[in-house]
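# Architecture and fold: a report
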Amino acid sequence: MKTIFDFLTPKSKTFYIEDNTTIRQVIEKFDAHKFSIVSIIDEEGKFITTISEGDILRFIKNHHEFDIYMAESTRINKVDLYRPYKALNIFTSLNDVIKLSLDQNFIPVVDDRGMYIGIIKRKDIIDYLFEGKYI
């Protein structure tokens, strides 16, 4: 039977940002990479949470004085998160990974120290289930 390692896309092949990133930097990265949600890590590499384009848009909508200067000076930790993704530990069962993939497009994965080590994509889980290899 496959394990969580078999589905892991390593950190080096994922898009993530550090928690000291500004709103403008996040917007530019969303635009460049065409993702709508991204993992946030601290400077040590520990997973903190995720942020979405919708979170950024709600922040802009709720700050009528928002302009480019505010975008360049406001860190993402000031943005309220609507529905951050849950991360799973590398030792999580495949059943729990499959269950969580119903609610999230990807699952951030951390090691036993809480360090971000990559993601599991919902597409990879669906492909595996579609092939009939999971019972």
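Refer to the preceding data block for the structure.
This one's a predicted model, so the numbers in the text were calculated from it and none came from an experiment.

## A few points about the overall build of the protein
Counting secondary structure elements, the protein contains five helices and seven strands. For the protein, the C-alpha atoms occupy an extent of roughly 55 × 30 × 25 Å along the three principal directions. Residue burial in the protein is summarised as follows: out of 135 residues, 41% are buried. The contacts of the protein with a sequence gap of at least 6 include a subset with a gap of at least 24, amounting to 52%. Accessible surface computed for the protein: about 8300 Å², of which carbon and sulfur atoms make up 52%. If you average the places of the 19 positive and of the 21 negative side-chain charges in the protein, the two averages end up 4 Å apart.

## Quick look at helix α1 (residues 23–33)
When we look at burial in α1, the residues that qualify are Ile23, Val26 and Phe30. On an axial view of α1, the arc spanned by its buried residues comes to 60°, and they lie on one face. Seen from the buried face of α1, the exposed residues on the opposite side, beyond 90 degrees, are Asp31 and Ala32. Tucked into the core, α1 has its buried residues touching β2 (16–18), β3 (37–41), β4 (47–52), α2 (53–62) and α3 (68–73).

## A closer look at the sheet that holds β3
The three strands lie next to each other as β2-β3-β4, forming an open sheet whose pairing is mixed. Sheet topology places β2 and β4 at the edges, where each strand pairs with a single neighbour. Neighbour-to-neighbour, the strand axes of this sheet turn through a mean angle of 35°, independent of strand direction. Alignment of β3 against β4, held across five bridges, turns out to be antiparallel. Each bridged residue has a counterpart across the sheet, and for Ile40 the counterpart in β4 is Thr49.

Basis of the calculations
Residues numbered from 1 in each chain as written. Predicted model: local features only at pLDDT ≥ 70, side-chain atom pairs only at ≥ 80, totals over all residues. Heavy atoms only, no water. Helix = DSSP H or I, 4+ residues; strand = E, 2+ residues; numbered from the N terminus. Buried < 20%, exposed > 50% of the residue type's maximum accessible area, 1.4 Å probe, protein only. Contact = heavy atoms within 4.5 Å. Areas by Shrake-Rupley, 256 points an atom, 1.4 Å probe, with all protein chains shown as cover. Lys, Arg positive; Asp, Glu negative; His and termini not counted. Charge placed at Lys NZ, Arg CZ, Asp CG, Glu CD. Arc of directions from axis to C-beta. Pairing = 2+ DSSP bridges. Axes fitted to C-alpha atoms, helices over the stretch in contact; angles between N-to-C directions.

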